[in-house]
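Fold and geometry: a report
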Amino acid sequence: QSQGPLVITANQINGSGGSIYYRSTPATPFTATFVVRWQAYNTNFFNHGVCLYETGTGKVITLGPTNGSILRLGKWSSTTTLSTNADYPGWAPDFPVWFQVGDDGTNITLKYSVDGVYGKWYTALSEAKATFFTTAPDAYGFFFHKNNSSLTSDYAFAYSLKEA
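To start, this report covers the structure provided alongside it. (Residues numbered from 1 in each chain as written. Predicted model: local features only at pLDDT ≥ 70, side-chain atom pairs only at ≥ 80, totals over all residues. Heavy atoms only, no water.)

Below, the discussion takes up the pattern of salt bridges. This structure, assessed with the given rule, holds 3 salt bridges. The salt bridge partner of Arg72 is Asp87, with a shortest N-O separation of 2.7 Å. Linking Arg72 in strand β6 (residues 70–78) with Asp87 in strand β7 (residues 81–89), this pair joins segments that are 15 residues apart in sequence. Among the ionic pairs, Lys129 bridges to Asp103, the shortest N-O distance being 4.0 Å. (Salt bridge = Lys/Arg side-chain N within 4 Å of Asp/Glu carboxyl O. Helix = DSSP H or I, 4+ residues; strand = E, 2+ residues; numbered from the N terminus.)

A complete count under the given rule lists 7 aromatic pairs for this structure. Cluster of aromatic residues (ring-pair linked, three or more members): Phe30, Phe34, Tyr140 and Phe142. Here Lys59 stacks its cationic end above the ring of Phe132, 5.4 Å away from the centre of that ring. (Phe/Tyr/Trp six-rings, centres within 6.5 Å; stacked < 30°, edge-to-face > 60°. Lys NZ or Arg CZ within 6 Å of the ring centre and 35° of its normal.)

Before going further, it helps to spend a moment on the nonpolar core. Judged by nonpolar contacts, the single largest core of 23 residues is most densely connected at Phe34, Val50, Ile61, Leu63, Phe99, Val101 and Leu110. Among the elements that make up this core, the one with the highest residue count is strand β3 (residues 30–40) (4 residues). Each residue touching Leu110, except ones within four places of it in the same chain, is listed here: Val50, Leu52, Ile61, Thr62, Leu63, Gln100, Val101, Tyr122, Thr123, Ala124 and Leu125. Within the second largest apolar cluster, 7 residues are counted, among which are Ile20, Cys51, Tyr53 and Val60. (Core = buried A, V, L, I, M, F, W, Y, C linked by side-chain atoms within 4.5 Å. Buried < 20%, exposed > 50% of the residue type's maximum accessible area, 1.4 Å probe, protein only. Contact = heavy atoms within 4.5 Å.)

The subject of this paragraph is the environment of Lys120. Structurally, Lys120 can be placed in the loop between β9 (107–113) and β10 (122–128). For Lys120, a relative accessible area of 46% gives the class partly exposed. With residues near it in sequence (within four places) discarded, Lys120 still touches Tyr112 and Ser113.

Relative to β9, strand β8 (residues 97–103) is paired through 6 bridges, and the arrangement is antiparallel. Bridge pairing in β9 links Asp103 to Ile108. With antiparallel pairing between neighbouring strands as the criterion, β8 and β9 make up a hairpin whose turn holds 3 residues, including Gly105 at a positive phi of roughly 100 degrees. Direction of pairing for β9 relative to β10: antiparallel, over a ladder of 6 bridges. Bridged to Leu110 within β10 is Leu125. (Pairing = 2+ DSSP bridges.)

Tracing the sequence through the fold places Thr62 in strand β5 (residues 59–66). Judged by relative accessible area, Thr62 falls into the buried class, the value being 5%. In this structure the side chain of Thr62 is engaged in a polar contact, spanning 3.2 Å, whose partner is the side chain of Trp76. Ignoring anything within four residues of it in the chain, the contact list for Thr62 reads Val50, Cys51, Arg72, Leu73, Gly74, Trp76, Leu110 and Phe143. (Polar contact = N/O pair within 3.5 Å; in protein donor to acceptor, adjacent residues only side chain to side chain.)

These values are about where atoms sit, not about what they do.
This is how it looks when you write it as structure tokens:
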């Protein structure tokens, strides 16, 4: 099914943790493809992006921009605690970007593309479902974390989604 566009706004979080806008994953195998245009106002420490989420444990894996020109893959043991991350400097999130999250029944993947049309996808993560998650993600969507209690900004995403 296809949805969009949709604008999602997460209010000030006051450093207390992240917010997740999610939907349940369909039966495996599945791939959800997003085209995203986001904007974060007056922030230096934000983390946000597409995510895979294990609702029972609160564990989240995210892929999206942080600190301006860095694309970050983050593994969160909860919406307040970043466990590990891998950064891709030189990212330019000033244009719509394509993302995919997927689960083939054994492995999960998070990918990104600058065009999403011509097949040039970059894999940020491909690993067995239980490598980080206790069992497996049961939801996917968007994750927002202000990561600085002194900031009073909101986040907005516009996206279109195709699930297969």
